[in-house]
Number of protein chains: 6
Amino acid sequence: MYFRSIFFEDYLLEEKRITLGRTITETDFVVHAGHTGDFFPHHMDEEWCKTQPFKHRIAHGTMVFSIGIGLTASEINPEAFSKGYDRLRFVKPVFIGDTIHSEVTISEKAEAKKPEYGTVTEHVEIKNQHGEVVLVCDHLLLVKKK
Amino acid sequence: MYFRSIFFEDYLLEEKRITLGRTITETDFVVHAGHTGDFFPHHMDEEWCKTQPFKHRIAHGTMVFSIGIGLTASEINPEAFSKGYDRLRFVKPVFIGDTIHSEVTISEKAEAKKPEYGTVTEHVEIKNQHGEVVLVCDHLLLVKKK
Amino acid sequence: MYFRSIFFEDYLLEEKRITLGRTITETDFVVHAGHTGDFFPHHMDEEWCKTQPFKHRIAHGTMVFSIGIGLTASEINPEAFSKGYDRLRFVKPVFIGDTIHSEVTISEKAEAKKPEYGTVTEHVEIKNQHGEVVLVCDHLLLVKKK
Amino acid sequence: MYFRSIFFEDYLLEEKRITLGRTITETDFVVHAGHTGDFFPHHMDEEWCKTQPFKHRIAHGTMVFSIGIGLTASEINPEAFSKGYDRLRFVKPVFIGDTIHSEVTISEKAEAKKPEYGTVTEHVEIKNQHGEVVLVCDHLLLVKKK
Amino acid sequence: MYFRSIFFEDYLLEEKRITLGRTITETDFVVHAGHTGDFFPHHMDEEWCKTQPFKHRIAHGTMVFSIGIGLTASEINPEAFSKGYDRLRFVKPVFIGDTIHSEVTISEKAEAKKPEYGTVTEHVEIKNQHGEVVLVCDHLLLVKKK
Amino acid sequence: MYFRSIFFEDYLLEEKRITLGRTITETDFVVHAGHTGDFFPHHMDEEWCKTQPFKHRIAHGTMVFSIGIGLTASEINPEAFSKGYDRLRFVKPVFIGDTIHSEVTISEKAEAKKPEYGTVTEHVEIKNQHGEVVLVCDHLLLVKKK
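Residues numbered from 1 in each chain as written. Chains lettered and ligands numbered in written order. Predicted model: local features only at pLDDT ≥ 70, side-chain atom pairs only at ≥ 80, totals over all residues. Heavy atoms only, no water.

**Q** Help me get a handle on the pattern of salt bridges, residues and values and all.
**A** Following the criterion strictly, the structure yields 84 salt bridges over all chains and no others. When the shortest N-O distance is used, the salt bridge between Lys146(C) and Asp10(C) registers 2.8 Å. Remark: Asp10(C) occurs in the loop between strand 1 (2–3) and strand 2 (16–18) and Lys146(C) occurs in the segment after strand 8 (133–144); sequence separation between them is 136 residues. Put simply, Lys16(A), Glu103(A) and Lys127(A) are held in one network by salt bridges that share partners. (Salt bridge = Lys/Arg side-chain N within 4 Å of Asp/Glu carboxyl O. Helix = DSSP H or I, 4+ residues; strand = E, 2+ residues; numbered from the N terminus.)

The following block contains the structure:
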């Protein structure tokens, strides 16, 4: 983890970075439930899940998002501010024992309201060990111009 | 926490529910950093934060989102599936000691691709103890028709 | 989680509510040991447990109690105060992977010392996925009269 | 933590042991809520607590019990089995920053159903830094005779 | 856990104590990564580990050290101060499910700079369930003389 | 976090890297106690600490070591193996609210037993917000030659 200044002009469309992977554990399920207060049986009750189409406990959507985004947090760009996310979609369930990683592609650059800033969109795909996309979203950054 | 079936027809536009509150603690900061691996100094280094405009550690955006959404998780609707979120925006920083709650308003109803389902949009506002909105997003639900 | 006023007169003998279930995980064992400081080998040392009649790590009694009671915490009655518990008994061991839920029955109503209050006893049974009772106790509530 | 065999005959009425102390932290509140799923505002919402007679977040009863009992877990007696607890009472609230310890007195000895066992009652008082009792209970042990 | 004064003269060379055991769980891996920020794939990515000689996730060295030393923390000697550690070596990997314990031998006694103190060296061996040493180190204590 | 091959020949004596900082919180104290089982009053009992020369709870040595080393874990060198640590010394206490960072200097290079490897020593200094060294140690790496 370190600081590196990247200005609006430096972001290149289609540039892509791929994070390391992380195995999602039962511990993560329990920690996320306790952290958020969401103890829905989908995530916490193996017996009930057996009666459902997905058969096993499935990860909280907010957890897959938080951990998948967390995996991208290695370089701190002091010129950029996170505005938020668009088009966040839960594409496939994540089960205990799955290993996820994130792939981030610069998908859009645009002018921002303030002329000294631009908007950069990072398209994020979180994938499992089978290469399947489990979650997608667009991360919106406000980035200083040089 | 309990099951209650609510069908597409039952959702009423403008209907609003307000959750209980929860004080965001230093513990939540540390747990979220450890849960996601995001140890950026914005969240973890009080000395560095003193040199920044915001002066104090600020909550991870993914944490405010996860806890704010977690606060809404009290009733399980077996007729609804979460598709994802749109227009998630970080509006104001959340500091250690702030108390947040969530306000959920049914903001849109539409037909879904499959005719036996409809799409319901819940507009979520997460607010602090001063009544200020700190995060907004639109939660998209796919809901069975009767 | 929400507030709902229930007065002494509103409690009905034999009324029963059943909570959702929760799978007890190895994580819960480790969290409870770390939370309480009780690292007895019965809960933490799988090798030693192999030499014992119960063969596998068994849950802390205080954990089964705390989680089982936690499962009942969905509705907040501002007219009631928890006085404590009677006849708490550890009936059967809980193992990693067991799924427990709680069944709460109003078993007794009585006058309290202060005439504007009554005492309500909730008999709590915590059961595993085989329907076996693993822990019982009587929860004593002091409840305002109308 | 170590094993030491103590038989029924060895327990002496009125014998007392006093544990070390432990400061109850905001972290413990957050961990216990996440561990049990009990996010009642009494424990988690400092703003709401300001409007209540107790003014500040108060510890979960199950947490004071679990930690207070955990403090007594230093010596493992392989001749004793915990049957449960009687007369558990929440006497005074515990606040963030309070320091508690436990005092255990052998208060009763009796025959058990099986003639090769006896029942020993440990009266447990959990006290705060002012010497005030915050929780009491009677721990029931089934102990082998020599 | 209790206080017991042991002076420099009381330490006997070759005296040995053996702690209870503790099974190292996946939870411990996740907790340690979150506690330290070390999310290296050796500890967190089961898929990547399959491609490595050790085949499975291996425990953080700092965790085996911290837990192994923690196991020795039962008796508090108010006459002794921990100066640090020498010759800490990671001898064998620890995997999820291994059970470790610690063996502490008084291996050296020497004069300290201040004449009223002596230096005591505890040689610590942390072993797994097969009796194999996984970590060794020498703990240096500064101990008051009588 | 990413992989970068650095061979024995590439390590330069006196080369130094400085990590970001991290504020040590009460949460870290509670997590470390729960993770290791070390609930000594030096770390956990604020009231007892008031009677001691250091006046406030002080961090576990193993925690300062684990977090300080964790701060250095950003780049994964697949050519290097950690052998262990020498001369680990606890120089000054760390209190709740202190902010630490680590400074790593290549202090020694030597031949290893196997001719295709060399030994690299990283001298690690963990410092607080006042620039004071709180812990030092020498990290021993076995590194492949080109």
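Text resumes after the structure shown.
**Q** Before we move on, can you summarise the relation of the copies chain E and chain D with the specific residues and values?
**A** Between chain E and chain D, which share one sequence, the superposing operator has a rotation angle of 180° and an axial displacement of 0.0 Å; the RMSD is 0.0 Å. Viewed as a symmetry operation, the transformation between the two copies matches a two-fold axis. Closest to the rotation axis within chain E is the C-alpha of Met1(E), separated from it by 3.6 Å. In this assembly the copies share their binding face: 100% of the residues contributing to the interface of chain E also contribute to that of chain D. (Least-squares fit on C-alpha atoms with pLDDT ≥ 70 in both. Contact = heavy atoms within 4.5 Å.)

**Q** Any chance you could break down unusual backbone geometry for me, citing the residues and the numbers?
**A** Most peptide bonds take the trans form, and the phi angle of most residues other than glycine is negative. All names here are of chain C. In this structure, glutamate 14 takes a positive phi of about 75° despite not being glycine. By the element assignment, glutamate 14 lies in the loop between strand 1 and strand 2. Positive phi, close to 70°, is recorded for lysine 55, a residue that is not glycine. Counting through the fold element by element, lysine 55 comes out in the loop between helix 3 (46–49) and helix 4 (61–70). When its relative accessible area of 46% is taken as the criterion, lysine 55 is described as partly exposed. (Buried < 20%, exposed > 50% of the residue type's maximum accessible area, 1.4 Å probe, protein only.)

**Q** Give me the pairing of strand 8 (residues 133–144) of chain E: which residues, what numbers.
**A** All names here are of chain E. Most of strand 8 sits out of view: nine of its 12 residues are buried. Of the strand pairs in this sheet, strand 5 (residues 80–90) and strand 8 are connected by eight bridges, and their pairing is antiparallel. Across the sheet, residue tyrosine 85 finds its bridge partner in strand 8, namely histidine 139. When strand 7 (residues 117–127) meets strand 8, the two strands line up antiparallel, connected through 11 bridges. Bridge pairing in strand 8 places isoleucine 126 opposite leucine 135. (Pairing = 2+ DSSP bridges.)

**Q** Explain helix 4 (residues 61–70) of chain A to me, using residue names and the numbers behind them.
**A** Buried residues dominate helix 4 of chain A, accounting for nine of its 10 residues. Within helix 4 of chain A, the full set of buried residues consists of Thr62(A), Met63(A), Val64(A), Phe65(A), Ser66(A), Ile67(A), Gly68(A), Ile69(A) and Gly70(A).

**Q** Describe the relation of the copies chain A and chain B, with residues and values.
**A** You can overlay chain A on chain B at an RMSD of 0.0 Å; the transform is a turn of 180° with a shift of 0.0 Å along its axis. Both copies contact each other with a shared surface, as 100% of the interface residues of chain A are interface residues in chain B too.

**Q** Can you lay out the UniProt feature "domain: MaoC-like" (unreviewed entry) in chain A for me, pointing to particular residues and giving the numbers?
**A** Mapped onto this numbering, the UniProt entry gives "domain: MaoC-like" (unreviewed entry) at residues 16–124 of chain A. Measuring from the first to the last C-alpha atom of residues 16–124 of chain A gives 10 Å, for a span that is 27% helix and 36% strand. (UniProt positions renumbered as here; feature names shortened; annotations may be inferred.)

**Q** Give me the lowdown on the environment of Gly68(B), citing residues and values where you can.
**A** Residue and element names in this part refer to chain B. By the secondary structure assignment, glycine 68 is in helix 4 (residues 61–70). Classification of glycine 68 as buried rests on a relative accessible area of 0%. Setting aside chain neighbours within four positions, we find glycine 68 in contact with Met63, Ile100, Ser102 and Ile126.

**Q** Just give me the short version of the packing of helix 4 of chain A against helix 4 of chain B, but keep the residues and values in it.
**A** As a packed pair, helix 4 of chain A and helix 4 of chain B sit with axes 10 Å apart at the nearest point and diverge in direction by 170°. When the axes of helix 4 of chain A and helix 4 of chain B are compared, the pair comes out roughly antiparallel. Of the residues in helix 4 of chain B, those in contact with Thr62(A), Phe65(A), Ser66(A) and Ile69(A) of helix 4 of chain A are Thr62(B), Phe65(B), Ser66(B) and Ile69(B). (Axes fitted to C-alpha atoms, helices over the stretch in contact; angles between N-to-C directions. Parallel < 35°, antiparallel > 145°, perpendicular 65-115°, else oblique.)

**Q** So what about the interface of chain E and chain D? Which residues, and what values?
**A** With six residues of chain E at the interface, the matching set in chain D holds six residues. Contact between chain E and chain D buries roughly 510 Å² in total, counting both sides, with carbon and sulfur atoms accounting for 76%. In terms of surface lost to chain D, no three residues of chain E exceed Met1(E), Tyr2(E) and Leu20(E), which account for 76% of the buried area on that side. Across the contact surface, chain E and chain D share zero salt bridges. At the junction of chain E with chain D, the criterion picks out zero residue pairs in polar contact (both at pLDDT 80 or more). When grouped by side-chain class, the residues that make up the side of chain E that touches chain D number five nonpolar, one polar and no charged. (Buried area = accessible area lost by both parts, 1.4 Å probe. Polar contact = N/O pair within 3.5 Å; in protein donor to acceptor, adjacent residues only side chain to side chain. Nonpolar A, V, L, I, M, F, W, Y, C, P; charged D, E, K, R; others polar.)

**Q** Kindly report on the packing of helix 1 (residues 26–36) of chain B against helix 1 (residues 26–36) of chain D, identifying the contributing residues and their values.
**A** Running from N to C, helix 1 of chain B and helix 1 of chain D point in directions that differ by 60°, and their axes come no closer than 9 Å. In terms of their interaxial angle, helix 1 of chain B and helix 1 of chain D are classed as oblique. Where helix 1 of chain B crosses over helix 1 of chain D, the two elements pack in a sense that is right-handed. Each of Glu26(B), Thr27(B) and Asp28(B) in helix 1 of chain B lies in contact with helix 1 of chain D, whose residues at this interface are Glu26(D), Thr27(D) and Val30(D). In terms of residue class, the contact of helix 1 of chain B with helix 1 of chain D is made up of one nonpolar, two polar and three charged. (Left-handed = near helix turned anticlockwise from the far one by under 90°.)

**Q** Explain the environment of Asp86(D) residue by residue, including any values.
**A** Looking at the secondary structure, you find Asp86(D) in strand 5 (residues 80–90). Separated by 53 residues in the primary sequence, Asp86(D) and His139(D) have C-alpha atoms spaced 6.6 Å apart. Look past the residues within four positions of Asp86(D) in its chain and what remains in contact with it is Tyr85(C), Asp86(C), Arg87(C), Leu88(C), Arg89(C), Cys137(D), Asp138(D) and Leu140(D). At 3.2 Å, the side chain of Asp86(D) and the backbone nitrogen of Arg87(C) are in polar contact.

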